[in-house]
Amino acid sequence: MYVVAEKAIAGLMTPEAAFDAIEAVFASMARRKAYNFPVVREAIGHADALYGFKGGFDGEGLALGLKAGGYWPHNQEHGLINHQSTVFLFDPDTGRVSAAVGGNLLTALRTAAASSVSIKYLAPKGARVLGMIGAGHQSAFQMRAAAKVHPFEKVIGWNPHPEMLGRLSDTAAELGLPFEAVDLDRLGAEADVIISITSSFGPLLMDRHVKGPTHIAAMGTDTKGKQELDPALVARARVFTDEIAQSVSIGECQHAIAQGLITQAAIGELGAVVTGEDPGRGEAEVTIFDGTGVGLQDLAVAAAVVELAKQKGLAGEIEI
Ligand code: NAD
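Residues numbered from 1 in each chain as written. Predicted model: local features only at pLDDT ≥ 70, side-chain atom pairs only at ≥ 80, totals over all residues. Heavy atoms only, no water.

**Considerations on the site of the ligand**
Here comes step 1: Looking at the ligand, there are 22 residues lining it, with His137, Asn159, His161, Lys226 and Gly291 nearest.
Here comes step 2: Backbone polar atom of Ser199 to an oxygen atom of the ligand: 3.0 Å apart, as the coordinates give it.
Here comes step 3: One of the side-chain N or O atoms of Lys226 is found 2.7 Å from an oxygen atom in the ligand.
Here comes step 4: For the ligand, whose accessible area on its own is 860 Å², the fraction buried by protein is 76%.
Here comes step 5: Of the pockets mapped on this structure, the ligand occupies the largest pocket.
Here comes step 6: Counting only elements with at least two residues in the shell around the ligand, the list comes to helix H3 (104–122) and helix H4 (137–149).
Here comes step 7: Of the residues that constitute the shell around the ligand, the class distribution is 5 nonpolar, 14 polar and 3 charged. (Near = heavy atom within 4 Å. Polar contact = N/O pair within 3.5 Å; in protein donor to acceptor, adjacent residues only side chain to side chain. Areas by Shrake-Rupley, 256 points an atom, 1.4 Å probe, with all protein chains shown as cover. 1 Å grid on protein atoms, 1.4 Å probe; cavity = no way out; pocket = protein on both sides within 12 Å on 5 of 7 lines; lining within 4 Å. Sits in = over half its atoms within 2 Å of the grid points. Helix = DSSP H or I, 4+ residues; strand = E, 2+ residues; numbered from the N terminus. Nonpolar A, V, L, I, M, F, W, Y, C, P; charged D, E, K, R; others polar.)

Below, the structure is given as structure tokens:
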């Protein structure tokens, strides 16, 4: 089996390669050639940790496997980040394990790639201003990936903890884009594309904030109870997701569904927009991508990075 170390990922994986992998696997999901396995997530009763598996099989990309890992809140004491994960790939012809790949940086890259695929397919024509809600670890990856797929001219941002906004201004500067911190009224009125990536458990962006043609990539809500958007805004928008089953249970749509404001049938798949089966934005003023994060994304970027590592001679090989 091949081993690609966490520390090798930064030198191998690019936002472009992550974009291609995620675009392809979303299309494969829409063609019903790829599916996710039920997610396992357990509080293990040790070190306050949450541990689980996200797996699946892509019959087109021939990626089979799982991401194992979770959240260890006290990892700082060990000099480690709190989110820890590893992707294991298996040969779909034989069942032999084929690769172990560090999953921490890949998770950030695959999440950012998902929103950038949504921006490529759903951003309103002539979009100029990118609005960021959230300024944590993921926000920088999100901004970089968005700037790769669309020629934004300006970034505006808001965060519940304003002291964190430096990350957004630094990242915009790195991309050569002007940055302005704004309130949510201005963010909703001026941004053509909005990315929300927070750990919020209540609505931040309200329906009244959002004016004019807008695409919103709602990326923070990946657990029951989390929420970033006003359900009325979700109900007004044309909504797409990575996986409908997750969107209605752990994604942003869980709230609009629970309140009876939308039905599951109203939610489209981003992959179907990629394949051309779904027209996408159409006449809608507001589109939302409810990015919940699926195991197939992890497998897609891990498979891509193994190929890149093999090409560059950076994949260690061991017998198991
Ligand atoms: P982080 O801890 O580095 O940053 C947290 C962000 O959320 C900051 O902007 C912070 O100000 C804000 N925040 C924290 N507590 C809040 C609260 N109670 N109410 C409102 N906002 C709050 O986290 P990160 O690594 O940037 O991840 C952000 C979110 O994205 C997390 O919730 C994470 O679970 C989620 N995530 C989603 C996916 C996916 O595929 N959809 C993948 C990875 C992470």
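**Side note on a nonpolar patch on the surface**
Here comes step 1: The grouping of Val40, Ile44, Tyr51 and Phe53 at the surface amounts to a nonpolar patch, some 300 Å² of accessible area in total.
Here comes step 2: Of note, Phe53 is situated in strand E4 (residues 50–58).
Here comes step 3: Judged by its relative accessible area of 33%, Phe53 is partly exposed. (Patch = residues over 30% accessible without salt bridge, like charges linked within 9 Å, V, L, I, M, F, W, Y side chains within 5 Å. Salt bridge = Lys/Arg side-chain N within 4 Å of Asp/Glu carboxyl O. Buried < 20%, exposed > 50% of the residue type's maximum accessible area, 1.4 Å probe, protein only.)

**A closer look at the domain arrangement of the chain**
Here comes step 1: With domains assigned, the chain is organised as domain 1 (2–107 + 296–317) and domain 2 (124–293).
Here comes step 2: Contact with domain 1, which involves 15 residues of that partner, is made by 16 residues of domain 2.
Here comes step 3: A buried area of about 1200 Å², summed over both sides, lies between domain 1 and domain 2, and 63% of it is on carbon and sulfur atoms.
Here comes step 4: Of all residues in domain 1, the largest losses of buried area upon contact with domain 2 belong to Pro15, Phe26 and Ala30, amounting jointly to 32% of the total for that side.
Here comes step 5: Counting the contacts that link domain 1 with domain 2 gives 2 salt bridges.
Here comes step 6: Where Arg32 meets Glu269, a salt bridge forms, and the shortest distance between an N and an O atom there is 3.1 Å. (Domains from an automatic or database assignment. Contact = heavy atoms within 4.5 Å. Buried area = accessible area lost by both parts, 1.4 Å probe.)

**Examining the nonpolar core**
Here comes step 1: Val4, Met13, Phe26, Val101, Leu130 and Ile195 are the most contacted members of the largest nonpolar core, which has 64 residues in total.
Here comes step 2: Shared between two domains, this core takes at least three residues from each, and those domains are domain 1 (2–107 + 296–317) and domain 2 (124–293).
Here comes step 3: If sequence neighbours within four positions are ignored, Leu130 has contacts with Met143, Ala146, Phe152, Lys154, Val155, Ile156, Ala191, Val193 and Ile195.
Here comes step 4: Core analysis: the next-biggest nonpolar cluster, separate from the first, contains 26 residues, Val182, Leu233, Ala237 and Ala256 among them. (Core = buried A, V, L, I, M, F, W, Y, C linked by side-chain atoms within 4.5 Å.)

**Structural notes on the packing of aromatic side chains**
Here comes step 1: For the structure on display, the rule yields 4 aromatic pairs.
Here comes step 2: Both rings, one in Tyr51 and one in Phe53, keep their centres 5.3 Å apart while their planes meet at 75°; by these two values the pair is edge-to-face.
Here comes step 3: Over the ring of Phe141 we find Arg144, and its NZ or CZ is 5.6 Å from the ring centre. (Phe/Tyr/Trp six-rings, centres within 6.5 Å; stacked < 30°, edge-to-face > 60°. Lys NZ or Arg CZ within 6 Å of the ring centre and 35° of its normal.)

**Some thoughts on the layout of surface pockets**
Here comes step 1: Its volume calculated, the largest pocket comes out at about 1500 Å³.
Here comes step 2: Taken together, 50 residues make up the lining of the largest pocket; nearest its centre are Tyr71, His83, Gln138, Asp222 and Lys226.
Here comes step 3: When contributions to the lining of the largest pocket are tallied by element, the ones reaching two or more residues are strand E3 (40–43), E4, strand E5 (63–71), strand E6 (83–90), H3 and H4.
Here comes step 4: The greatest single-element share of the lining of the largest pocket, amounting to 7 residues, is contributed by H3.
Here comes step 5: Class assignment for the residues of the lining of the largest pocket results in 17 nonpolar, 26 polar and 7 charged. (Points joined across faces, edges and corners; volume = space filled by probe spheres on them.)

**Thoughts on the environment of Ala300**
Here comes step 1: Mapped onto the secondary structure, Ala300 falls in helix H11 (residues 295–311).
Here comes step 2: Under the relative-accessibility criterion, Ala300 is labelled buried at 14%.
Here comes step 3: On a C-alpha basis, the gap between Ala300 and Leu270 in space is 16 Å, while along the polypeptide they are 30 residues apart.
Here comes step 4: Not counting residues within four places of it along the chain, the set of residues in contact with Ala300 comprises Ala21 and Val25.

**Digging into the packing of H3 against H11**
Here comes step 1: H11 packs onto H3 with a crossing angle of 115° between their chain directions and a minimal axis gap of 9 Å. Between H3 and H11, the angle is such that the two are roughly perpendicular. Between H3 and H11 lies a crossing whose hand is right-handed. Here H3 contributes Leu106, Thr107, Arg110, Thr111 and Ala114 to the contact with H11, which in turn contributes Gln297, Asp298, Val301, Ala302 and Val305. (Axes fitted to C-alpha atoms, helices over the stretch in contact; angles between N-to-C directions. Parallel < 35°, antiparallel > 145°, perpendicular 65-115°, else oblique. Left-handed = near helix turned anticlockwise from the far one by under 90°.)

**What about the pattern of salt bridges?**
Here comes step 1: Summed over all chains, the structure comprises 18 salt bridges.
Here comes step 2: Among the ionic pairs, Glu285 bridges to Arg236, the shortest N-O distance being 3.3 Å. Of this pair, Glu285 sits in the loop between helix H10 (270–275) and strand E17 (286–290) while Arg236 sits in helix H7 (residues 231–236), placing them 49 residues apart in sequence.
Here comes step 3: Within this structure, Lys154, Glu180, Arg186 and Glu190 form a network of salt bridges that share partners.

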